[in-house]
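Chain by chain, the residues:
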Amino acid sequence: MTFYRKVIRLQEYDYSQNGAYFVTICTKDRKCILSRITPEPVAAGLRARPQIELSEIGNIVEESINFANKNYGCITIDKYVIM
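Now for a quick tour of the structure. Worth saying up front: this structure is predicted, and the values here are computed from it rather than measured.

Conventions and cut-offs
Residues numbered from 1 in each chain as written. Predicted model: local features only at pLDDT ≥ 70, side-chain atom pairs only at ≥ 80, totals over all residues. Heavy atoms only, no water. Salt bridge = Lys/Arg side-chain N within 4 Å of Asp/Glu carboxyl O. Helix = DSSP H or I, 4+ residues; strand = E, 2+ residues; numbered from the N terminus. 1 Å grid on protein atoms, 1.4 Å probe; cavity = no way out; pocket = protein on both sides within 12 Å on 5 of 7 lines; lining within 4 Å. Points joined across faces, edges and corners; volume = space filled by probe spheres on them. Nonpolar A, V, L, I, M, F, W, Y, C, P; charged D, E, K, R; others polar. Disulfide = S-S within 2.5 Å. Buried < 20%, exposed > 50% of the residue type's maximum accessible area, 1.4 Å probe, protein only.

One pass over the full model with this rule turns up 1 salt bridge. Measuring nitrogen to oxygen at the nearest pair gives 3.1 Å for the salt bridge that ties E53 to R36. Residue E53 is found in strand β2 (residues 50-54), and its partner R36 is found in strand β1 (residues 35-39); the two are separated by 17 residues along the sequence.

In structure tokens, the structure reads:
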């Protein structure tokens, strides 16, 4: 079985130039292995807000993002979400 990826890059755009890029990376089969959602303890009269607790693998991903920010001067990761 041969798989083909859809080309989503702009034909004439030079991706080596400085710019802001939105990148999405998914786990294999979209498995939930990076974090889990846990409820925050309920305070008097307030509703619980869900909190994200990173798994061991999620912590490795976050460490890798921080490492890239500190050690590669050519990139800056301004915002990220690990779900």
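There is about 1,200 Å³ of room inside the largest pocket. Surrounding the largest pocket, 28 residues form its lining, V23, T24, I25, Y80 and V81 being those nearest its centre. Considering each element in turn, the lining of the largest pocket owes the most residues, 3 residues, to helix α1 (residues 56-71). Residues belonging to the lining of the largest pocket are distributed by class as follows: 18 nonpolar, 6 polar and 4 charged. Size it by volume and the second largest pocket reaches roughly 240 Å³. Every residue along the wall of the second largest pocket is listed here: I8, R9, Y15, Y21, F22, V23 and T24. Residues belonging to the lining of the second largest pocket are distributed by class as follows: 5 nonpolar, 1 polar and 1 charged.

This structure, assessed with the given rule, holds 0 disulfides. The thiol sulfur of C26 is not disulfide-bonded, and the nearest other cysteine sulfur, from C32, lies at 11 Å. Residue C32 is classed as exposed on the basis of its relative accessible area of 74%.

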